[in-house]
Amino acid sequence: MTDGILGKAATMEIPIHGNGEAGQLPEDDGLEQDLQQVMVSGPNLNETSVVSGGYGGSGDGLIPTGSGRHPSHSATPASPGDEVARGIAGEKFDIVKKWGINTYKCTKQLLSERFGRGSRTVDLELELQIELLRETKRKYESVLQLGRALTAHLYSLLQTQHALGDAFADLSQKSPELQEEFGYNAETQKLLCKNGETLLGAVNFFVSSINTLVTKTMEDTLMTVKQYEAARLEYDAYRTDLEELSLGPRDAGTRGRLESAQATFQAHRDKYEKLRGDVAIKLKFLEENKIKVMHKQLLLFHNAVSAYFAGNQKQLEQTLQQFNIKLRPPGAEKPSWLEEQ
């Protein structure tokens, strides 16, 4: 009836039961958020292409008013600028009209899914991967937050050790009877500061890499996912519209509407299929990139932390060289252990 609506075995049409659940898919409470998502992509009224002569008309000028009457001598002929302005207004009206129809159909489809009166197309394998990505992103965001907290604590520790070392060095000069004891404690604090700077450089590199992975790489994939989900909603909205028309009476009037609905449905189906493929590809490359990045970063983090707490300054420096991490030299505008936020 709708010329193979789903098209591929990877997707299926899931009926929505009376309780609003699609099979075993979990129901969330984000109806308001989903409605806002439907409404957020309003028409772009800045992108219009105007044909000389006005919208939908020829280049011979405006349609005269007052049929059969000659224009008065005081009438001002329409200027080309007026025709262009009317053309822009007409084209923008068409854009708003199409957006309004599309928004109405998508909102109707969303509500019918949520309240158990419709069906939705589901690619179970792909949606499972998408949910796994969202869960992974939440966990990595937690690691990112903890990593930033660690850098803040390490920086605070370094500041304290640096001040303590200076205090010991000063007392070493002013306390002859304890000069040696204050002296080697001052040297110890300076060594700890040096190793701490090296560790903090490694931790900052770790945090920066995870930040890029979460806020750029994962976020880019999720932006494509949002486009895919919006396309899925449109696809199901126009599929439902086509099915309702197909079940109605067949006459000269509805035949034209049916053909138009079929063409519109096919366009949305092609868009949905393309975005579904784009999401699958991005998820695949994201997983490969995530493994590659985290393998390197976890090895860096382990080696740096182990060397620091073992007091192995040489291994700490070798770790930074291994991962090509360079600290800011003394006297730079910003301390080497500060991550640029």
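Since this is a predicted model, take the numbers as computed values, not measurements. Numbering of residues starts from 1 in every chain and runs along the sequence as written. For a predicted model such as this one, the threshold for reporting local features is a pLDDT of at least 70, and the threshold for listing and counting side-chain atom pairs is 80 or more; totals across whole chains, interfaces and linings nevertheless cover every residue. The side-chain values count all of the structure's non-hydrogen atoms but skip hydrogen atoms and water molecules.

### Observations concerning the overall build of the protein chain
Phase 1: Helix and strand content of the protein chain: six helices and two strands.
Phase 2: Counting the 341 residues in the protein chain, one finds 33% classified as buried. In this text, helices come from DSSP runs of H or I with a minimum length of four residues, and strands from runs of E with a minimum of two, each type numbered from the N-terminal end. Accessible area is worked out with a 1.4 Å probe on protein chains only. A residue is then buried under 20% of its type maximum, exposed over 50%, and partly exposed in between.

### Side note on the packing of helix H4 (residues 179–247) against helix H6 (residues 313–322)
Phase 1: Axes here refer to lines fitted to C-alpha atoms; in helices the fit is confined to the stretch in contact. Angles between the N-to-C directions go from 0 to 180 degrees. Contact pair H4 / H6: the axes reach a minimum separation of 10 Å and the direction vectors enclose 25 degrees. Between H4 and H6, the interaxial angle falls into the category roughly parallel. When the axes of H4 and H6 are compared, the crossing they make is left-handed. Counted together, Leu 191, Lys 194, Asn 195, Thr 198, Leu 199 and Ala 202 of H4 and Gln 313, Leu 316, Glu 317 and Leu 320 of H6 form the full contact between these two elements.
Phase 2: Class assignment of the residues belonging to the contact of H4 with H6 gives a composition of five nonpolar, three polar and two charged. Orientation labels follow simple angle bins: below 35 degrees gives roughly parallel, above 145 gives roughly antiparallel, 65 to 115 gives roughly perpendicular, and whatever is left gives oblique. In a left-handed crossing the near helix is turned counterclockwise from the far helix by less than a right angle, and in a right-handed crossing that turn is clockwise. Contacts were defined at the residue level, with two residues in contact if any of their heavy atoms lie within 4.5 Å. Classes in brief: Ala, Val, Leu, Ile, Met, Phe, Trp, Tyr, Cys and Pro nonpolar; Asp, Glu, Lys and Arg charged; the others, Gly included, polar.

### Describing the nonpolar core
Phase 1: For our purposes a nonpolar core is just a set of buried Ala, Val, Leu, Ile, Met, Phe, Trp, Tyr and Cys residues, chained together by side-chain atoms within 4.5 Å. By size, the foremost hydrophobic cluster in this structure holds 41 residues, and its most contacted members are Ile 130, Tyr 140, Ile 210, Met 218, Tyr 228 and Val 279.
Phase 2: Of all the secondary structure elements, the ones that give two or more residues to this core are helix H3 (124–174), H4, helix H5 (252–309) and H6.
Phase 3: If one sorts the elements of this core by residue count, H4 sits on top with 17 residues.
Phase 4: Ignoring sequence-local partners within four residues, the contact set of Val 279 consists of Leu 126, Ile 130, Thr 224, Val 225 and Tyr 228.

### Concerning the side chain of Gln 161
Phase 1: Tracing the backbone through its elements, the reader meets Gln 161 in helix H3.
Phase 2: For Gln 161, a relative accessible area of 10% translates into the label buried.
Phase 3: Setting aside chain neighbours within four positions, we find Gln 161 in contact with Gln 189, Leu 192 and Cys 193.

### Structural notes on the environment of Arg 232
Phase 1: You can see Arg 232 is positioned in helix H4.
Phase 2: On the accessibility criterion, Arg 232 (8% relative accessible area) is buried.
Phase 3: Here the alpha-carbon distance between Arg 232 and Glu 273, two residues 41 residues apart in the chain, equals 8.8 Å.

### Section: the environment of Val 279
Phase 1: By secondary structure assignment, the location of Val 279 is in helix H5.
Phase 2: Given a relative accessible area of 0%, Val 279 falls into the buried group.

### Notes on H4
An α-helix turns once every 3.6 residues. As a result, residues three or four positions apart point the same way.
Phase 1: End to end, H4 covers 98 Å across 69 residues, agreeing with the expected 102 Å (1.5 Å per residue, within 8%).
Phase 2: Bend at a residue means the angle formed by two fitted axes: the first through the 7 residues ending at that position, the second through the 7 residues beginning there. Of all the bends in H4, the greatest measures close to 35 degrees and is centred on Glu 219. Take the number of residues in a helix, subtract one, and multiply by 1.5 Å to get its expected span.

### Some words on the confidence of the model for the protein chain
Phase 1: Residues with a pLDDT of 70 or more make up 68% of the protein chain, whose mean pLDDT is 77.
Phase 2: Looking at any residue, its pLDDT shows the predictor's confidence there, from 0 to 100. For the protein chain, the element scoring lowest by mean pLDDT is helix H1 (residues 31–40), at 57; H3 scores highest, at 95.
Phase 3: Considering only residues more than four positions removed or in separate chains, one finds that residues 1–9, a stretch of pLDDT under 50, has 24 contacts.
Phase 4: This model gives residues 47–73 a pLDDT under 50, and the stretch forms 26 contacts once residues within four places in sequence are excluded.

### What about the pattern of salt bridges?
Phase 1: For this document, the term salt bridge refers to a Lys or Arg side-chain nitrogen within 4 Å of an Asp or Glu carboxyl oxygen. Counted under the stated rule, the structure contains 16 salt bridges.
Phase 2: Between Asp 236 and Arg 239 there is a salt bridge whose closest N-O contact spans 3.0 Å. Of this pair, Asp 236 and Arg 239 both sit in helix H4, three residues apart, which is roughly one turn of the helix.
Phase 3: Judged by its relative accessible area of 0%, Asp 236 is buried.
Phase 4: Since its relative accessible area comes to 0%, Arg 239 is described here as buried.
Phase 5: Note that Glu 243 and Arg 239 form a salt bridge whose closest N and O atoms lie 3.2 Å from each other. A residue pair is termed a helical-turn pair when its members lie 3 or 4 positions apart in one helix, as Glu 243 and Arg 239 do in helix H4 at four residues.

### So, the packing of aromatic side chains
Phase 1: Stacked, tilted and edge-to-face are the three classes applied to pairs of Phe, Tyr and Trp rings, where Trp contributes its six-membered ring and a pair requires centres within 6.5 Å; stacked means planes under 30 degrees apart, edge-to-face means over 60, and tilted covers the rest. Scanning all chains against the criterion turns up six aromatic pairs.
Phase 2: Ring geometry for Tyr 228 and Tyr 272: centres 5.7 Å apart, planes at 20 degrees, overall stacked. Of the two residues, Tyr 228 is situated in helix H4 and Tyr 272 in helix H5; the sequence distance between them amounts to 44 residues.
Phase 3: Relative accessible area serves as the criterion here: at 2%, Tyr 228 is assigned to the buried category.
Phase 4: Its relative accessible area of 0% is what places Tyr 272 among the buried residues.
Phase 5: Summarising the aromatic geometry, the rings of Tyr 235 and Tyr 272 are spaced 4.8 Å apart at their centres and angled 5 degrees between planes, so their arrangement reads as stacked. A residue pair is termed long-range when its members are at least 10 positions apart, and Tyr 235 in helix H4 and Tyr 272 in helix H5 qualify at 37 residues.
Phase 6: By way of ring pairs, the aromatic residues Tyr 228, Tyr 235, Phe 265 and Tyr 272 are connected into one cluster.

### Examining unusual backbone geometry
Phase 1: A positive phi angle, near 55 degrees, is found at Asn 324, a position not held by glycine.
Phase 2: Mapped onto the secondary structure, Asn 324 falls in the segment after H6.
Phase 3: Look at Asn 324 and you get exposed, because its relative accessible area is 60%.

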